[in-house]
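Listed here are the chains, written in short residue letters.
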2 protein chains.
Amino acid sequence: MMDLTRKGEYAIRGIVYLAARQSDQVCLLSDIAAAVDVPQTFLAKIFQQFSKIGLVRSYRGTGGGFVLGRPPEKITLLEVVEAVEGPIIPNRCVTGEGECSRTSSCNVHPVWVKVQTQVKDILEKVTLKDLAGL
Amino acid sequence: MMDLTRKGEYAIRGIVYLAARQSDQVCLLSDIAAAVDVPQTFLAKIFQQFSKIGLVRSYRGTGGGFVLGRPPEKITLLEVVEAVEGPIIPNRCVTGEGECSRTSSCNVHPVWVKVQTQVKDILEKVTLKDLAGL
DNA sequence: CCCAAAAAGACTATTTATGTCCTGTTTAGT
DNA sequence: ACTAAACAGGACATAAATAGTCTTTTTGGG
Ligand code: SF4
Ligand code: SF4
């Protein structure tokens with residue numbers, strides 16, 4: 001239960017590697033993929049998602065590549081994980097929507113709320129700066 | 001990310017319902033399934049798993065059914081969840097095996113260890129007695 | 001023996017995960 | 001303008017996990 005997928009794991013490895021680089025230096029996807037040992041085409045998809053929400057900035061064409069979208073200390077692990085895995089949802093009833101009719105009277109529900117809060121809290125307190133060892 | 005499957009959700013609902021019953025009263029699977037709104041054949045598989053590890057005790061034949069294997073205050077939510085979903089593994093590197101060669105030098109690894117510990121801690125402190133409202 | 005009830009195993013359909021491949025678009029440099 | 005480098009996006013493929021169903025067997029009571 002509760003497992004990060006490969007995609008999530010790759011995403012973290014990739015962006016942490018990028019964070020460890022100088023911020024003014026664009027990185028080739030091929031370099032990142034090789035360095036963190038991830039299939040390049042797969043990592044491409046992941047970085048596209050990052051790019052869309054501004055976690056990274058991409059440059060196309062010759063001399064292109066990726067740079068971090070913000071300073072590493074301003075990007076949390078939670079953001080990275082949620083960018084590719086979606087929100088942290090320990091059970092359907094914590095989505096905010098009326099997913100389960102039992103929610104109001106259920107004694108289990110608050111437990112999942114607590115799990116969600118705690119996990120998000122842990123991941124939110126870790127930044128790419130910490131992870132890149134800066 | 002981190003989602004309980006239907007199986008896990010059904011498992012909890014079923015065993016919590018059972019816990020709310022008098023301990024000397026055997027419950028029919030059909031009754032439990034109807035009460036917690038779960039397909040009976042699916043719940044059967046779940047309760048077979050429970051039975052194997054002693055979370056519930058089953059009686060076959062006429063007048064058979066299920067009773068809780070232990071007093072409700074002695075069964076934690078963690079046990080129930082792990083019985084059907086397997087161990088709480090936020091990422092492959094927290095299984096104990098040498099699943100990732102980067103583990104020793106990885107800054108992300110301790111985060112997953114912490115997530116695992118915290119989640120298990122929350123689930124372990126909740127018993128069926130709490131959940132059944134006893 | 002007959003019936004009730006769980007155990008066990010085979011089977012199926014749908015969705016998710018984990019990629020690959022191909023084509024297009026942008027851009028720097030000659 | 002042309003070319004090569006590099007990301008963007010979509011279609012495709014395969015395998016595994018999920019969410020069940022169905023049938024048969026075993027067990028116990030009357
Ligand atoms: S934990 Fe309670 S509220 Fe949440 S899905 Fe299960 S029954 Fe519904
Ligand atoms: S978090 Fe670090 S140790 Fe864990 S799987 Fe990823 S790279 Fe390996």
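Small disclaimer: the values here were computed from a predicted structure and weren't measured.

Enquirer: I'm lost on the site of ligand 1 in this one. Help?
Expert: Around ligand 1, a shell composed of N91, C93, C100, R102, T103, C106, V108, H109 and W112 of chain A together with E9 and R13 of chain B is seen. What surrounds ligand 1 is not a single chain but chains A and B. When residues of the shell around ligand 1 are traced back to their parent elements, those giving at least two are α5 (109–124) of chain A together with α1 (6–20) of chain B. For the shell around ligand 1, the class distribution of residues is five nonpolar, three polar and three charged.

Enquirer: Where do I start with the protein's contact with DNA strand C in this structure?
Expert: Close to DNA strand C lie 24 residues, the nearest being T41 and R60 of chain A together with K45, S58 and R60 of chain B. Sugar plus phosphate, as a fraction of atoms of DNA strand C within 4 Å of the protein: 71%. For DNA strand C, a phosphate oxygen lies 3.1 Å from a polar atom in the backbone of R6 of chain A. Among the elements of the structure, α1 (6–20) and α3 (40–52) of chain A together with α3 (40–52), β1 (56–59) and β2 (65–68) of chain B are those that each provide at least two residues to the surface near DNA strand C. Considering each element in turn, the surface near DNA strand C owes the most residues, four residues, to α3 of chain B. Among the residues forming the surface near DNA strand C, the class breakdown is seven nonpolar, 10 polar and seven charged.

Enquirer: Can you walk me through the relation of the copies chain A and chain B in this structure?
Expert: Superposing the two chain copies requires a rotation about an axis and a translation along that axis. Rotating chain A by 180° about the axis while translating it 0.0 Å along that axis superimposes it on chain B, leaving an RMSD of 0.0 Å. Considering both components of the superposition, the chain copies are consistent with a two-fold axis. Here 100% of the interface residues in chain A have copies in chain B that are interface residues too; the copies meet face to matching face.

Enquirer: Which parts of the structure should I look at to understand the interface of chain A and chain B?
Expert: For an interface, size is often stated in terms of accessible area lost upon the parts coming together. Facing the 37 residues of chain A at the interface are 37 residues of chain B. For the pair chain A and chain B, the summed buried area comes to about 3100 Å², and 64% of that belongs to carbon and sulfur atoms. For the pair chain A and chain B, the interface holds zero salt bridges. Secondary-structure elements contributing two or more residues to the side of chain A that touches chain B are α1, α2 (29–36), α4 (77–85), α5 and α6 (128–132) of chain A. Ranked by residues supplied to the side of chain A that touches chain B, first place goes to α5 of chain A with eight residues. The residue makeup of the side of chain A that touches chain B, split by class, is 22 nonpolar, five polar and 10 charged.

Enquirer: Honestly, the site of ligand 2 in this entry has me stumped. Any pointers?
Expert: Inspection of the region around ligand 2 gives E9 and R13 of chain A together with N91, C93, C100, R102, T103, C106, V108, H109 and W112 of chain B as its neighbouring residues. Of the chains in the model, those with residues near ligand 2 are chains A and B. Sorting the residues of the shell around ligand 2 by element identifies α1 of chain A together with α5 (109–124) of chain B as the ones contributing at least two each. Residue composition of the shell around ligand 2, by class: five nonpolar, three polar and three charged.

Enquirer: Would you explain α1 of chain B in this entry?
Expert: Residues spaced three or four apart along an α-helix face the same direction, because each turn holds 3.6 residues. All names here are of chain B. Taking 1.5 Å as the rise per residue, α1 with 15 residues should run 21 Å; its terminal C-alpha atoms sit 21 Å apart, in good agreement. Here α1 lies mainly inside the structure; 12 of its 15 residues are buried. Of the residues making up α1, those classed as buried are G8, E9, Y10, A11, I12, R13, G14, I15, V16, Y17, L18 and A19.

Thresholds applied
- Residues numbered from 1 in each chain as written.
- Chains lettered and ligands numbered in written order.
- Predicted model: local features only at pLDDT ≥ 70, side-chain atom pairs only at ≥ 80, totals over all residues.
- Heavy atoms only, no water.
- Near = heavy atom within 4 Å.
- Helix = DSSP H or I, 4+ residues; strand = E, 2+ residues; numbered from the N terminus.
- Nonpolar A, V, L, I, M, F, W, Y, C, P; charged D, E, K, R; others polar.
- Polar contact = N/O pair within 3.5 Å; in protein donor to acceptor, adjacent residues only side chain to side chain.
- Least-squares fit on C-alpha atoms with pLDDT ≥ 70 in both.
- Contact = heavy atoms within 4.5 Å.
- Buried area = accessible area lost by both parts, 1.4 Å probe.
- Salt bridge = Lys/Arg side-chain N within 4 Å of Asp/Glu carboxyl O.
- Expected span 1.5 Å × (residues − 1).
- Buried < 20%, exposed > 50% of the residue type's maximum accessible area, 1.4 Å probe, protein only.

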